[in-house]
Amino acid sequence: MDWYYEGERKPENWKNICEAFKKAENTSLQSPIQLCEKTTEKFIYQKSLATRYQLTQFETSFFNHTVHLTPLANEELNVLFFDYKKYILDDIHFHLPSEHQINDESFPLEMHLVHRSRDNELLVVGITVLPNKEPANLEKYRLDSLALNPRISGRGLFVPVDVAKLLPLKMQYFHYTGSLTTPPTIGPVDWIVFKNQTYMRKGLLRAFKENVGKTNRPLQPLRNRTIYLSD
Ligand SMILES: [Zn+2]
């Protein structure tokens, strides 16, 4: 089923497109949300977060209105452990502007690192991005050419990405339970959204803006859920 960010099939109307989309919205708490430090709770006990990422070959593709990077070959190369559970990195993609807001602030871009456990449980890491004049993490990995022409490059462009270098330097994070932000917006999804930003060269950010464009779902009601903030 086709869906869009604007026009008749915009996010507010996704639930009317088909039964599957409606069911997903009605049966789980939705994402993205506003993440406010003031209204978070400290973890009663800190859930441990550890990443084991390394330089990996990814294959590019363009679907759901944005650029995706899928790891090739050995899926165990990029793993995350949250609360002692293991999740394997499945997909990296980009939203513009950011979907989550942090302390009422929106950012030019948000990266989603989608992970799955062996039992198919979803955990998504959200990283918000700010522009930087200096060459930063990303462009070393040829994301420039990818972002400049994602529609043409389509599937089949291979890019090496050092996933660890996409993370912000300070690893303080919000944690809450929500959903995928594209239809069907199923849940539950464990969200880890870093409080601090990572940086991308201005030109690359502009290229994403020109070639991908608006791809953010509006903020969803918080309802009755707790947002945690790590130390
Ligand atoms: Zn996403």
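Everything numeric here is computed off the predicted structure, so don't read it as measured data.

J.: Kindly report on the layout of surface pockets, identifying the contributing residues and their values.
T.: Its volume calculated, the largest pocket comes out at about 330 Å³. Contributing to the lining of the largest pocket are 19 residues, with His68, Asp91, His93, Val114 and Leu180 lying nearest its centre. Secondary-structure elements contributing two or more residues to the lining of the largest pocket are strand S5 (66-71), strand S7 (85-95), strand S9 (109-116) and strand S10 (122-132). Across the lining of the largest pocket, the residue classes break down as seven nonpolar, nine polar and three charged.

J.: Provide a residue-level description of unusual backbone geometry, including the pertinent values.
T.: A cis amide bond, omega -20 degrees, links leucine 96 with the succeeding residue proline 97. Within the secondary structure layout, proline 97 lies in the loop between S7 and strand S8 (101-102). Here the bond from proline 183 into proline 184 is cis, since omega is -10 degrees, no more than 30 degrees from zero. Here asparagine 64, not a glycine, exhibits a phi torsion of approximately 50 degrees, which is positive. Position of asparagine 64 relative to the elements: it lies in the loop between strand S4 (55-63) and S5. Since its relative accessible area comes to 29%, asparagine 64 is described here as partly exposed. If you check the backbone angles, aspartate 83 has positive phi at about 50 degrees while not being a glycine. Note that aspartate 83 resides in the loop between strand S6 (79-82) and S7. By relative accessible area, which is 28% here, aspartate 83 ends up partly exposed.

Rules used throughout
Residues numbered from 1 in each chain as written. Predicted model: local features only at pLDDT ≥ 70, side-chain atom pairs only at ≥ 80, totals over all residues. Heavy atoms only, no water. 1 Å grid on protein atoms, 1.4 Å probe; cavity = no way out; pocket = protein on both sides within 12 Å on 5 of 7 lines; lining within 4 Å. Points joined across faces, edges and corners; volume = space filled by probe spheres on them. Helix = DSSP H or I, 4+ residues; strand = E, 2+ residues; numbered from the N terminus. Nonpolar A, V, L, I, M, F, W, Y, C, P; charged D, E, K, R; others polar. Buried < 20%, exposed > 50% of the residue type's maximum accessible area, 1.4 Å probe, protein only.

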